[in-house]
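Geometric and topological summary
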Amino acid sequence: MATIVGAVTTSHIPAIGNAMANGLQHEPYWAPFFDGYERAREWLATARPDVAVVIYNDHGLNFFLDNLPTFAVGAAPEYSVEDEGWGLPTFPPYRGIPELSWHVIETLVEQDFDVATCQEMRVDHAFVNPMRLLWPDRTPPPVATLPIHINTVQHPLPKTSRCLAFGRAIGQALESFDDELRVLIVGTGGLSHQLDGQRAGFINKEFDEMCMAKIIDDPGALTALSIHDIVKLGGTQGTEIIMWLAARGALGDRVDKIHGSYHIPVSNTAAGLLVLENRAQPALWY
Amino acid sequence: MVQDIPGTTIFDGHEAMKGYRLNKMCYSFNSKENRDAFLADEDAYCARFELTDVQRDAIRRRNVLALIEAGGNIYYLAKFAGIFGLSVQDIGAQQTGMSVDDFKAMLAEQGR
């Protein structure tokens, strides 16, 4: 059976890609952000995943408003990286794992998540940047990938409760896959930020810190927030926290925080990182 | 969607219908060929997408607030801004009426 080795939730800000392309990781502006990933990579070396399931939001590379799914699952042999319009470097395609994709799709639909399925899929910075942060020397990374998209472009977005349940269904799907695979869950986006309107530049540290704490110990508490609440408290693009909720849902009820970091600002955004593992079941005493 | 958050437009079905042609044009800017075609003949390129007069004027003025008012979605508008090498900090500064340096300082200040 497949095993979920843990989850990484991380921001995916486009500027990260440019900073890496230009070798700026140790510059004073960037070092506090990039330093946070060293511990994540150490953990990854011991977790040894074979597959990364990446829950992310497309920003208008693969999907347009003509045909915009709420939930979409990649089912392609490979995922291409293409020009998004503003000069990020492109890379060779990421390897897919279609047999796992179809098992996930079948299980999700069985659990009433009627997802769109994609036999061709272009992945944008929200997928690529986290992969490059986790495997900076390996592009493409030494894992198969399975991209799962959640819409944040056009409202209505799926409710927070639905995203947490979606993540739980993804977790059950992965753990019921017959092959011996070690699976990493990656949830990308956030934290608080707003790019548009007179409120551009809005950041809410207190809200982010609350969200990070709840993601670890009580993700269900975040389902009390409506999407409208999140826009108000975390900014229009702060809604990407739903990717963290889904990723958290794929883990068990109790998790241990291996690592966390938080830094303001990266570009217009508060950047967050969590590395979480399922808590080992306590031994029973007889 | 209730639009009651100051300085914020929630991009819902109403906005998406209003801005469809504008966003479709901006979506096309994923491709360098299309970005070049826009730069070579802006009028002809906009005509292909049948922008409204208001949208055409906002594109002409490179004005992000006016583009949002005309139904533009920031994810697609960012691709338009990319043609001119503008970052999200540049467009943040434009929308808030700040200098880019002041806008960046405001962001950094929130981390202190």
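Quick look at the structure, then. In this text the structure is predicted, and so the values were computed from the model without any measurement. (Residues numbered from 1 in each chain as written. Chains lettered and ligands numbered in written order. Predicted model: local features only at pLDDT ≥ 70, side-chain atom pairs only at ≥ 80, totals over all residues. Heavy atoms only, no water.)

**Focus on the overall build of chain A**
Regarding its fold elements, chain A presents 9 helices and 11 strands. The C-alpha atoms of chain A give 17 Å as radius of gyration, which agrees with the globular expectation for 286 residues (19 Å, within 12%). Taken over the C-alpha atoms alone, chain A extends approximately 55 × 45 × 40 Å along its principal axes. Burial statistics for chain A: of 286 residues in total, 62% are counted as buried. By element, 48% of the accessible surface of chain A is carried by carbon and sulfur atoms, the whole surface being about 10700 Å². When the 19 basic and 34 acidic side-chain charges of chain A are each reduced to a single mean position, those positions are 7 Å apart. (Helix = DSSP H or I, 4+ residues; strand = E, 2+ residues; numbered from the N terminus. Rg over C-alpha atoms; globule rule 2.2 N^0.38 Å. Buried < 20%, exposed > 50% of the residue type's maximum accessible area, 1.4 Å probe, protein only. Areas by Shrake-Rupley, 256 points an atom, 1.4 Å probe, with all protein chains shown as cover. Lys, Arg positive; Asp, Glu negative; His and termini not counted. Charge placed at Lys NZ, Arg CZ, Asp CG, Glu CD.)

**Focus: the pattern of salt bridges**
On inspection of all chains with the given rule, the structure shows 12 salt bridges over all chains. Where Glu 82 of chain A meets Arg 122 of chain A, a salt bridge forms, and the shortest distance between an N and an O atom there is 3.9 Å. Of this pair, Glu 82 of chain A sits in the loop between strand 4 (78-81) and strand 5 (94-95) while Arg 122 of chain A sits in strand 7 (residues 122-123), and the two are 40 residues apart along the sequence. What makes Glu 82 of chain A partly exposed here is its relative accessible area of 38%. As a salt-bridge pair, Arg 35 of chain B and Asp 83 of chain A come within 2.7 Å of each other at their nearest N and O atoms. Taken together, the residues Arg 35 of chain B in helix 3 (residues 32-40) and Asp 83 of chain A in the loop between strand 4 and strand 5 connect one chain to another. (Salt bridge = Lys/Arg side-chain N within 4 Å of Asp/Glu carboxyl O.)

**Description of the packing of helix 1 (residues 14-21) of chain A against helix 5 (residues 125-134) of chain A**
All names here are of chain A. Where helix 1 contacts helix 5, the axes come no closer than 9 Å and their chain directions differ by 45 degrees. In terms of their interaxial angle, helix 1 and helix 5 are classed as oblique. In the packing of helix 1 onto helix 5, the handedness of the crossing is left-handed. In this structure, helix 1 uses Pro 14, Ile 16, Gly 17 and Met 20 to contact helix 5, whose residues at the interface are His 125, Asn 129, Arg 132 and Leu 133. (Axes fitted to C-alpha atoms, helices over the stretch in contact; angles between N-to-C directions. Parallel < 35°, antiparallel > 145°, perpendicular 65-115°, else oblique. Left-handed = near helix turned anticlockwise from the far one by under 90°. Contact = heavy atoms within 4.5 Å.)

**Description of the interface of chain A and chain B**
Opposite the 41 residues of chain A that make contact, chain B presents 41 residues. Counting each side, the surface lost to burial between chain A and chain B is near 3500 Å², with a carbon and sulfur contribution of 58%. Per-residue buried area on chain A facing chain B is highest for Phe 64, His 155 and His 228 of chain A; these three make up 18% of the total on that side. Our count for the chain A to chain B interface comes out at 20 residue pairs in polar contact (both at pLDDT 80 or more). Elements with a minimum of two residues in the side of chain A that touches chain B: helix 8 (227-234) and strand 10 (255-266) of chain A. For the side of chain A that touches chain B, the leading source of residues is helix 8 of chain A, giving 3 residues. Across the side of chain A that touches chain B, the residue classes break down as 15 nonpolar, 17 polar and 9 charged. (Buried area = accessible area lost by both parts, 1.4 Å probe. Polar contact = N/O pair within 3.5 Å; in protein donor to acceptor, adjacent residues only side chain to side chain. Nonpolar A, V, L, I, M, F, W, Y, C, P; charged D, E, K, R; others polar.)

**A look at the layout of surface pockets**
Of the voids in this model, the largest pocket is the one considered here, and its volume is about 520 Å³. Pro 14, Ala 15, Trp 86 and Ser 267 of chain A together with Val 88 of chain B are the residues nearest the centre of the largest pocket, which is lined by 27 residues in total. Listed by contribution, the elements that provide at least two residues to the lining of the largest pocket are helix 1 of chain A together with helix 7 (74-83) and helix 8 (88-96) of chain B. The element best represented in the lining of the largest pocket is helix 7 of chain B, accounting for 4 residues. (1 Å grid on protein atoms, 1.4 Å probe; cavity = no way out; pocket = protein on both sides within 12 Å on 5 of 7 lines; lining within 4 Å. Points joined across faces, edges and corners; volume = space filled by probe spheres on them.)

**Digging into the environment of Lys 104 of chain B**
Mapped onto the elements, Lys 104 of chain B comes out in helix 9 (residues 100-109). For the pair Lys 104 of chain B and His 14 of chain B, spaced 90 residues apart in sequence, the C-alpha separation works out to 32 Å.

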